[in-house]
Amino acid sequence: MQSIGDILRNHRLLEAQPRPKTGLRALPETEERDVSLEAKMARWEAEMARWEAEMARRREILEKAPVATKTITSPEECPWRDNWRKCEDCQGGMREESQIEPEPLRTVYDVSACFTEMRYRELIKKSGLMGIELHHFFENATLDKYNRELYTRLMKWEPSAGGGIYIAAEKDQNNPQGNGTGKSYALHALTHRLCRLGVPCLYGRTVDFLMQLRAAYDDDTQESERRVLSRYINVPVLLWDDLGKESFRTDWGPEKFYYVIDYRVRTNKPIIISTNFDLGEIEAKFGRDNFGPAIASRLAGFCEMWTLGGPDRRVKGRFAR
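Since this is a predicted model, take the numbers as computed values, not measurements.

Cut-offs applied
- Residues numbered from 1 in each chain as written.
- Predicted model: local features only at pLDDT ≥ 70, side-chain atom pairs only at ≥ 80, totals over all residues.
- Heavy atoms only, no water.
- Pairing = 2+ DSSP bridges.
- Helix = DSSP H or I, 4+ residues; strand = E, 2+ residues; numbered from the N terminus.
- Axes fitted to C-alpha atoms, helices over the stretch in contact; angles between N-to-C directions.
- Contact = heavy atoms within 4.5 Å.
- Bend = angle between axes of the 7 residues up to and from the residue.
- Buried < 20%, exposed > 50% of the residue type's maximum accessible area, 1.4 Å probe, protein only.
- Left-handed = near helix turned anticlockwise from the far one by under 90°.
- Nonpolar A, V, L, I, M, F, W, Y, C, P; charged D, E, K, R; others polar.
- Core = buried A, V, L, I, M, F, W, Y, C linked by side-chain atoms within 4.5 Å.
- Patch = residues over 30% accessible without salt bridge, like charges linked within 9 Å, V, L, I, M, F, W, Y side chains within 5 Å.
- Areas by Shrake-Rupley, 256 points an atom, 1.4 Å probe, with all protein chains shown as cover.
- Salt bridge = Lys/Arg side-chain N within 4 Å of Asp/Glu carboxyl O.

**Points about the sheet that holds strand β8 (residues 303-308)**
With respect to topology, five strands assemble into an open sheet ordered β5-β6-β7-β4-β8, the strand pairing being parallel. For this open sheet the edge positions go to β5 (201-205) and β8, each flanked by a neighbour on one side alone. Between one strand axis and the next, the sheet turns by 15° as a mean value, whatever way the strands run. Of the strand pairs in this sheet, β5 and strand β6 (residues 237-243) are connected by five bridges, and their pairing is parallel. Note that in β6 the partner of Tyr203 across the bridge is Leu239. Contacts from helix α5 (residues 183-196) reach β4 (164-169), β5, β6, β7 (271-275) and β8, with the element oriented near 170° to β6. Along the sheet, helix α10 (residues 287-302) contacts β4, β6, β7 and β8; its crossing angle with β8, the most-contacted strand, is approximately 95°.

This is the structure in structure tokens:
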């Protein structure tokens with residue numbers, strides 16, 4: 001006779017043994033995966049066929065749909081203005097939208113004017129112009145005997161040819177320093193014109209350039225200095241205002257000006273300069289025994305030479321025109 005302990009042990013062993021399977025034969029795991037993959041592929045192919053058939057049906061309907069044309073002249077009229085990133089879709093100047101419901105219709109938009117305006121606004125934001133400078137256009141200028149020839153030239157100047165323009169003050173007894181004759185205004189207006197043409201520009205005063213470099217130098221961050229220089233040497237058109245008004249403590253400053261000017265001359269990148277000084281005075285200011293002669297020589301060989309005279313328009317209580 002078995003003891004209670006033996007009976008319990010035998011019962012546990014019987015429970016632990018695997019029970020024989022009955023019914024359909026189980027598929028091996030790899031076979032199950034193959035069947036599942038085949039089923040998924042079949043469903044996917046069927047969905048693709050339905051999608052292609054639907055697209056073909058829609059194309060056929062839209063080919064026969066009436067066409068409406070619209071012109072978008074400014075970003076404020078843009079149907080997609082809530083998503084400015086979509087401006088890249090308008091680079092070709094035309095854009096089309098279509099609908100099936102409630103009635104088939106194709107709408108073709110002429111977006112060339114709007115795209116030009118958006119591109120202009122983006123370039124102006126990056127140009128360096130600020131404040132009142134943003135309102136200085138050639139269209140607002142009053143041409144007179146002093147500025148007509150120069151302004152007419154700037155309104156037609158093409159940067160693609162390279163080279164530069166050097167605008168110096170024409171001094172006389174009524175304006176011995178040559179201040180307020182419209183030199184800065186000319187650079188502001190030219191910046192607007194070039195940005196309107198889609199040409200990236202950088203307008204800046206030379207004293208600001210020097211301050212930016214000093215800030216980078218004082219912080220002992222050579223990477224920052226390289227970034228400042230890179231901005232001035234690589235921009236397609238550089239417009240430098242008031243050359244010669246800088247104050248140099250060491251030879252370090254003239255060297256940086258020489259570097260920018262020399263780089264742009266060697267790479268034929270346009271540079272437009274306004275100044276109260278002729279090249280002889282610039283040579284002296286940058287040091288005749290330093291970088292002055294090299295700077296003056298490069299500007300003389302690279303730039304068209306212009307002078308702008310007349311009374312000091314600021315003293316007369318109106319902006320340069």
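**Comments concerning α10**
Roughly 35° is the biggest bend found in α10, and it falls at Pro293. Turning to α10, its buried residues number three or more, namely Gly287, Gly292, Ile295, Ala296, Leu299 and Phe302. Taken together, the buried residues of α10 touch β4, β6, α8 (252-266), β7, α9 (279-285) and β8.

**Some remarks on the side chain of Asp242**
Positionally, Asp242 belongs in strand β6. Once residues lying within four places of it in the same chain are set aside, the contact partners of Asp242 are Thr206, Ser274, Thr275 and Asn276.

**Focus: the sheet that holds strand β2 (residues 94-99)**
To summarise the sheet geometry, strands pair through backbone hydrogen bonds and adopt either a parallel or an antiparallel arrangement. As summarised here, the arrangement of the three strands in space is β1-β3-β2, forming an open sheet in which the pairing is mixed. Strands at the two margins of the open sheet, each flanked by one partner only, are β1 (67-71) and β2. Taken pair by pair, the neighbouring strands of this sheet meet at an average axis angle of 20°, ignoring direction. Note that β1 and strand β3 (residues 105-110) share five bridges and pair parallel. From the neighbouring strand, Ala68 faces β3, where its bridge partner is Thr107.

**What about the pairing of β3?**
One ladder, built from six bridges, connects β2 with β3; its direction is antiparallel. For Met94, the partnering residue across the bridge sits in β3 and is Asp110. The antiparallel pairing of β2 with β3 creates a hairpin that spans five residues between the two strands.

**Notes on the packing of helix α6 (residues 206-218) against α8**
Packing of α6 against α8 leaves a shortest axis separation of 11 Å and a crossing angle of 115°. The interaxial crossing formed by α6 with α8 has right-handed handedness. Every residue of α8 that contacts α6 at Thr206, Phe209, Leu210, Leu213, Arg214 and Tyr217 is listed here: Trp252, Gly253, Lys256, Phe257 and Val260. For the contact of α6 with α8, the residue count by class is seven nonpolar, two polar and two charged.

**Remarks on the nonpolar core**
Ranked by size, the top nonpolar core spans 29 residues in total, and within it Tyr166, Phe209, Trp240 and Leu299 carry the most contacts. Residue assignment for this core shows that the elements contributing at least two residues are β4, α6, α7 (222-234), β6, α8, β7, α9 and α10.

**Focus on a nonpolar patch on the surface**
Side chains of Leu37, Met41 and Trp44 sit close together on the surface and give an oily, nonpolar patch of about 340 Å² of accessible area. By secondary structure assignment, the location of Leu37 is in helix α2 (residues 29-63).

**Comments concerning the pattern of salt bridges**
A side chain of one charge can pair with a side chain of the opposite charge when the charged atoms of the two come close. With the rule as written, the count across this model stands at 18 salt bridges. A salt bridge links Glu225 to Lys256; its shortest N-O distance comes to 2.9 Å. Note that Glu225 is positioned in helix α7 and Lys256 in helix α8, a separation of 31 residues in sequence. What makes Glu225 buried here is its relative accessible area of 7%.

So far we have only geometry, and geometry alone does not tell us how the molecule works.
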